[in-house]
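Spelled out from the first residue to the last, the chains are:
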Amino acid sequence: MRENYRKTVIEGVDSAVIEKYFSGTVSEEISRIWGTRTDVTGLTGDWLLFADRETDEYIALGEIAESHILGVDSAEQFAEDIGWEYTTGDPYTTVIRLVGVYDIYKPADEFWNLMGYSGFPYDAFSRINFDKPNSNFYDEYESISNFIQHLRENSSTGDPSSALFGIKSQSRRRLCPPDESTSELAPYYWVNQSNNPEEIEEGFLQAPRTDFPNYDLAKLQEGDTVFNYQNGEIIAYSEVVSHPYIVTVDGEEKRRVDIEIHRFDSPLQFSDIFSYLWQEDVRLEKYYPINKAGINQQYLFNLSQEAGDYLLEQGQVEGSQASRLEGRLQLPHMDIGLPDNLYFHGGERARIRRQVNASLNAGKHIIFTGPPGTGKTKLAKHICEQVTESQGEIVDGYRFTTATAEWTTFDTIGGYVPNRSAEGDELVFQPRIFLDCFRKDGEIRNEWLVIDEINRSDIDKAFGQLFSVLSGDSVQLPYERDEPVEIASLDEETTHDRLRSIVTNQDIFPVTPSWRLLATMNTYDKTSLYELSYAFMRRFNFIHLGVPRLRRNGRVRTSLLDPNEDENYATVWLNADESLRGVLETTYEQVAVVWQKVNQHQTIGPSIVRDILGYLAATGPEVSEDPGPALTDAVVALVFPQLEGMAPQEQRSLVGSLTATEVQTETGTVDLTLEGEWLERKAEDFFDLPPRSDE
């Protein structure tokens, strides 16, 4: 009977199994089913009280959705379908479907004394007579509905799936306001159950309801992980599956939480795990289960992230860091789309997308090349964001940085720094951005890395040992913490034992086949940038983002910026920011000519053109009448910085071209209205050019 109650009332039955026995379609995925051998059927809306005869308590309340009397053959088939067992050979011919099962606590003697009975008056399924002459029921409750409402309001749950079964005679559970925690929360917990083996068997933790920190079950939350220690070994880890509640055991109030226990195949011997758990960077200062002599003997303790991860690894728990790391040894298949707010002319979008996906799926790192303003950085970030979203179990996000000429391996890999937590001149190794991609604060990570303007750095000086890592080799760095610092390149052949040793060794930084480095490189003004060596370049696939031809058949291609075209740069920008429409309508022809004139001398991408339009829109309504002054300021602010390093005569020539008239375009001739004299003066100041009179 108890087993049947657990199976079909507490756990429930797949509704698809029982639909044919009931009328219509059952809307709930899980149905709560009960049965009897009587021919008394409850009516829809009636309520059932479930009694535990061993404890003399009512433990559950359920509302009847429908009930039916089956023939013997149908009843036997029904019982087989849902997994009922019998203590006799007679089937349960009356079957009842319940909606809403509430976990309650109602002492039987209290209830039946109120009703005018002594003990349990009924041995089977039957209706309760609330109108017995000597009953005091209506003195206590206004109505049966009021009684039902009282039971529901004092239930610990209105959720059938979390109803509890088997309230013990020595412990009475009751709902009460949550106690405040008296100790700190932790990533993991440890409970000493050497003196409480029944807790392991029955699936709960229990401690006196006091303010003593090591009895503080009030801080446990559903989903927390607790390690179960018993007599010199960790025998299991458990998941907390209920909020803390109060029980009375032999007259004493205790806190309790329910747990789901997962036993280790081989218990972890304390002697084997002690040395790791006692490491300074693993242990906690307060409420820790370990002391230098061994085990603390209280009940509940806190564990650090490192300690909990380590115990899961030692127990070879699926979902632990070693298991997650193993799942990242496969090369994931990528299908990356390009961002909607970047326009690629002609067939460039399909070509670039094909190159990106082919490179990633071939296991290659990528460098995006091209002039400034072509969307290299935006594309690199977009790829990382898409991969993180679609491959979240494998990729944990990405890091972004911009290279500088001053970079050394100290900036990329790390180096020795003063130990601020110690006195004297002690130095400790501090990882930097490259290593942080693989392990941060003790946790194994797989964060992709985006390096903007990578050729601003001296590659040999900045990357050093990373050359080998990018080729799939492991390297030992010239630094030590507890052990020598190592960057370990992993592949599908890496054994689980090797993975476990990596996870528990804070000085190993694992690089998996699913990790990528994406970089950008401006191809203009190569004289001011470091050259990339062939040895470095062959570790990457290069994808070029260019600029379309801005002149065709002797005419400037104003159609690229015309807001009334079907699809071009302007329409993409307007999709993101409709406020640009007015500026585009009145200035797109001049802006297109300026773009073409600049690109005759120094190539700039469409993102800089978009910034020019944003500048014009922010200037005000006067731009629509005379865009010349604002367009002059925008060129000085946004284009001049891109002209550094050009020969002075080239700079002069470019500036002079920005006041051209009668320029042939696709829409007719265009006169540029920029302020030529002001451009000349600002160019002389900006580029330190001699005045024309001195040339």
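For the structure itself, consult the block above.
These remarks concern the structure in this document. (Residues numbered from 1 in each chain as written. Predicted model: local features only at pLDDT ≥ 70, side-chain atom pairs only at ≥ 80, totals over all residues. Heavy atoms only, no water.)

Section: the side chain of Thr412
Residue position: Thr412 is located in helix H13 (residues 409-412). Within polar-contact distance, the side chain of Thr412 engages the backbone oxygen of Ala462 at 2.7 Å. For Thr412, the residues in contact, after removing those within four places along its chain, are Trp407, Arg432, Ile433, Phe434, Leu435, Ala462 and Leu466. (Helix = DSSP H or I, 4+ residues; strand = E, 2+ residues; numbered from the N terminus. Polar contact = N/O pair within 3.5 Å; in protein donor to acceptor, adjacent residues only side chain to side chain. Contact = heavy atoms within 4.5 Å.)

A closer look at the pattern of salt bridges
Scanning the model with the defined rule gives 21 salt bridges in all. The salt bridge partner of Glu184 is Lys286, with a shortest N-O separation of 3.9 Å. A residue pair is termed long-range when its members are at least 10 positions apart, and Glu184 in the loop between strand S6 (171-174) and strand S7 (188-192) and Lys286 in the loop between helix H8 (270-277) and strand S13 (290-291) qualify at 102 residues. According to the relative accessible area criterion, Lys286 is partly exposed, its value standing at 42%. Ionic pairing is found between Arg351 and Glu348, a salt bridge with its closest N-O pair at 2.4 Å. With Arg351 and Glu348 both in helix H11 (residues 348-361), this residue pair falls 3 residues apart, about one helical turn. When salt bridges that share partners are traced, they join Arg399, Glu443, Arg445 and Glu447 into one network. (Salt bridge = Lys/Arg side-chain N within 4 Å of Asp/Glu carboxyl O. Buried < 20%, exposed > 50% of the residue type's maximum accessible area, 1.4 Å probe, protein only.)

A closer look at the pairing of strand S23 (residues 475-480)
Examined bridge by bridge, S23 and strand S24 (residues 484-489) share 3 bridges and lie antiparallel to one another. The residue of S24 that forms the bridge with Gln476 is Glu486. In textbook terms, the turn of a hairpin is the stretch between consecutive antiparallel strands, and for S23 and S24 this stretch comprises 3 residues. (Pairing = 2+ DSSP bridges.)

Comments concerning a negative patch on the surface
Taken together, Glu280, Asp281, Glu480, Asp482 and Glu483 make up a surface patch of like negative charges. Take Glu480: it is sitting in strand S23. You can call Glu480 partly exposed: its relative accessible area is 48%. (Patch = residues over 30% accessible without salt bridge, like charges linked within 9 Å, V, L, I, M, F, W, Y side chains within 5 Å. Areas by Shrake-Rupley, 256 points an atom, 1.4 Å probe, with all protein chains shown as cover. Lys, Arg positive; Asp, Glu negative; His and termini not counted. Charge placed at Lys NZ, Arg CZ, Asp CG, Glu CD.)

Observations regarding unusual backbone geometry
The backbone phi angle of Asn231 is positive, close to 50 degrees, even though this residue is not glycine. The topology assignment puts Asn231 in the loop between strand S9 (225-230) and strand S10 (233-240).

Let's talk about the packing of helix H20 (residues 581-599) against helix H21 (residues 606-619)
Where H20 meets H21, the closest approach of the two axes is 11 Å, and the angle between their N-to-C directions is 140 degrees. On the basis of their axis angle, the class for H20 and H21 is oblique. For the pair H20 and H21, the crossing hand works out as right-handed. Contacts between H20 and H21 involve Val583, Leu584, Thr587, Val591 and Trp595 from the former and Pro606, Val609, Leu613, Leu616 and Ala617 from the latter. (Axes fitted to C-alpha atoms, helices over the stretch in contact; angles between N-to-C directions. Parallel < 35°, antiparallel > 145°, perpendicular 65-115°, else oblique. Left-handed = near helix turned anticlockwise from the far one by under 90°.)

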